[in-house]
Amino acid sequence: MTDDSATTARPRQQEWPAGLDVRDLLAQGWRPTPFLQFILKVHSRCNLACDYCYMYEMADQGWRRQPRRMARPVVDRVAERIAEHARAHGRSRVDVILHGGEPLLAGVDHLRYVADALHKTCDPDVHVALRLQTNGVLIDDAFLDLFEERGIRVGVSVDGAREDHDRHRRRANGRGTHDEVRAGLERLTRRHRHLLSGLLAAVDLESDPVTTYEALLEFDPPGIDLLLPHGTWDAPPPGLTGEGTPYGDWLVAVFDRWYGAPVRETDIRLFTEIIRLVLGAHSRTETIGLSPAAMVVVETDGSVEQVDTLKAVAEGAAATPFHTLTHPFTEALYAPGIVARQIGLRALGETCTACPLVRVCGGGLYTHRYRSGTGFRNPSVYCADLARLITHVHRTVAADVARMKEEN
């Protein structure tokens, strides 16, 4: 793959989308999509030391300067800003994800305060759908009672079988955490299965794909998110050498096992979204497709960021000049970095726009397009792997559709 811009190195402030002419886009008729999903970093530290973590192990170390916990006055202001934004744009529902770091480090009382502040400020005309993403090791009865009382659905990060999970998801002393995560999940599902929103697993080329999938199935999750490790053209993901399609092959193996099962065992969002796209529907996630990204991140100090995966790119890559204490969320909709994730094809370079898979691939995750000197106007570092997966899914689904037509 090659860049779609000049390769001469230049400062990051001059890389695309810096200089994106938002006024011209507005003159052409483009309008921003209001934020529908708010990721609140309620705690900025973590009790694990996962070696692939984009928050702590990659380029942006800004977490060191953040307060450990989102203070209650900041919580109140953030809740006001969310309600203000929803009402200004006629939205009757917003999704709020309590995130970190590890959000359970904030404690039961503080998480209750966050939930109550959001509901109090947004009710009755704006429904707040609360979710929380956790590594699972702190889940206990007190947290479970809180989740039940406040209707908080819970996503848990687990990387499959014990050996594969413990290879990367460890304590600072090197001890694996699979047994702790399993115990937390078992507590959650024993009496509160309806609160489990799904499992999140990082794709690891060292693990067997089918074994990983079947290990996740043991928890009977309603859904699974398979996440490609974050990387860029400057710092490629592990095992991505430019030869072959190792991540595409890994995902194809899981797809065949999932799709070929006699009954649907769970949802795998990446696969479901690709199937939707090849059948002509719109994407509902930023990972794939051309639909506008409608999510924003609020750090523990109340500052507004684009998307936290950009911390894999460079120091300050996720930052915006906005803060919830001084700016409504609507102002952030016009920041070039946020606009770039909402304008679909107009954000892509010639290599992507000329590709027959572009409406399904969408250029891949925005973070994975970065190359120093040219910014984000490049194909995904996973370009060949995505092509391998999408082509395979398309052929498989097309064959099924053709067979059904013949049978009818």
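Residues numbered from 1 in each chain as written. Predicted model: local features only at pLDDT ≥ 70, side-chain atom pairs only at ≥ 80, totals over all residues. Heavy atoms only, no water.

## Comments concerning the overall build of the protein
Looking only at helices and strands, one finds 14 helices and 10 strands in the protein. A compact globule built from 408 residues would reach a C-alpha radius of gyration of about 22 Å, and the protein, at 21 Å, matches this within 12%. On the principal axes, the C-alpha backbone points of the protein span a range of 55 × 50 × 50 Å. Taken over 408 residues, the protein has a buried fraction of 55%. Counted over contacts in the protein with a minimum sequence separation of 6, partners at least 24 positions apart contribute 73%. Counting 48 positive and 55 negative side-chain charges, the protein places the averaged centre of each group 4 Å from the other. (Helix = DSSP H or I, 4+ residues; strand = E, 2+ residues; numbered from the N terminus. Rg over C-alpha atoms; globule rule 2.2 N^0.38 Å. Buried < 20%, exposed > 50% of the residue type's maximum accessible area, 1.4 Å probe, protein only. Contact = heavy atoms within 4.5 Å. Lys, Arg positive; Asp, Glu negative; His and termini not counted. Charge placed at Lys NZ, Arg CZ, Asp CG, Glu CD.)

## Details of the nonpolar core
Core analysis: the largest hydrophobic core is formed by 89 residues, its most contacted members being Leu-40, Ile-82, Val-96, Leu-226 and Phe-271. For Ile-82, the residues in contact, after removing those within four places along its chain, are Phe-38, Leu-40, Val-94, Val-96, Leu-118, Cys-122 and Phe-329. With 22 residues, the next largest nonpolar core counts Trp-16, Leu-20, Ile-39 and Tyr-370 among its residues. (Core = buried A, V, L, I, M, F, W, Y, C linked by side-chain atoms within 4.5 Å.)

## Overview of the packing of helix 8 (residues 246-259) against helix 9 (residues 269-278)
The interhelical angle for the contact between helix 8 and helix 9, taken along N-to-C directions, is 80°, at an axis separation of 11 Å. Between helix 8 and helix 9, the crossing angle belongs to the class labelled roughly perpendicular. For the pair formed by helix 8 and helix 9, the contact residues are Leu-251, Val-254, Phe-255, Trp-258 and Tyr-259 on the first element and Leu-270, Phe-271, Thr-272 and Ile-275 on the second. Broken down by class, the residue content of the contact of helix 8 with helix 9 amounts to 8 nonpolar, 1 polar and no charged. (Axes fitted to C-alpha atoms, helices over the stretch in contact; angles between N-to-C directions. Parallel < 35°, antiparallel > 145°, perpendicular 65-115°, else oblique. Nonpolar A, V, L, I, M, F, W, Y, C, P; charged D, E, K, R; others polar.)

## Quick word on the packing of helix 2 (residues 72-88) against helix 3 (residues 108-122)
The N-to-C vectors of helix 2 and helix 3 enclose an angle of 30°; their axes lie 9 Å apart at closest approach. By the angle between their axes, helix 2 is roughly parallel relative to helix 3. Of the two elements, helix 2 crosses helix 3, and the hand of that crossing is right-handed. Note on element contacts: helix 3 touches helix 2 through Asp-109, His-110, Tyr-113, Val-114, Ala-117, Leu-118, Thr-121 and Cys-122, opposite Arg-72, Val-75, Asp-76, Ala-79, Glu-80, Ile-82, Ala-83 and Arg-87. The class makeup of the residues in the contact of helix 2 with helix 3 is 9 nonpolar, 2 polar and 5 charged. (Left-handed = near helix turned anticlockwise from the far one by under 90°.)

## Topic: empty space enclosed by the protein
Tallied over the entire structure, the rule returns 1 cavity of 30 Å³ or more. Counted as a void, the largest cavity has a volume near 150 Å³. (1 Å grid on protein atoms, 1.4 Å probe; cavity = no way out; pocket = protein on both sides within 12 Å on 5 of 7 lines; lining within 4 Å. Points joined across faces, edges and corners; volume = space filled by probe spheres on them.)

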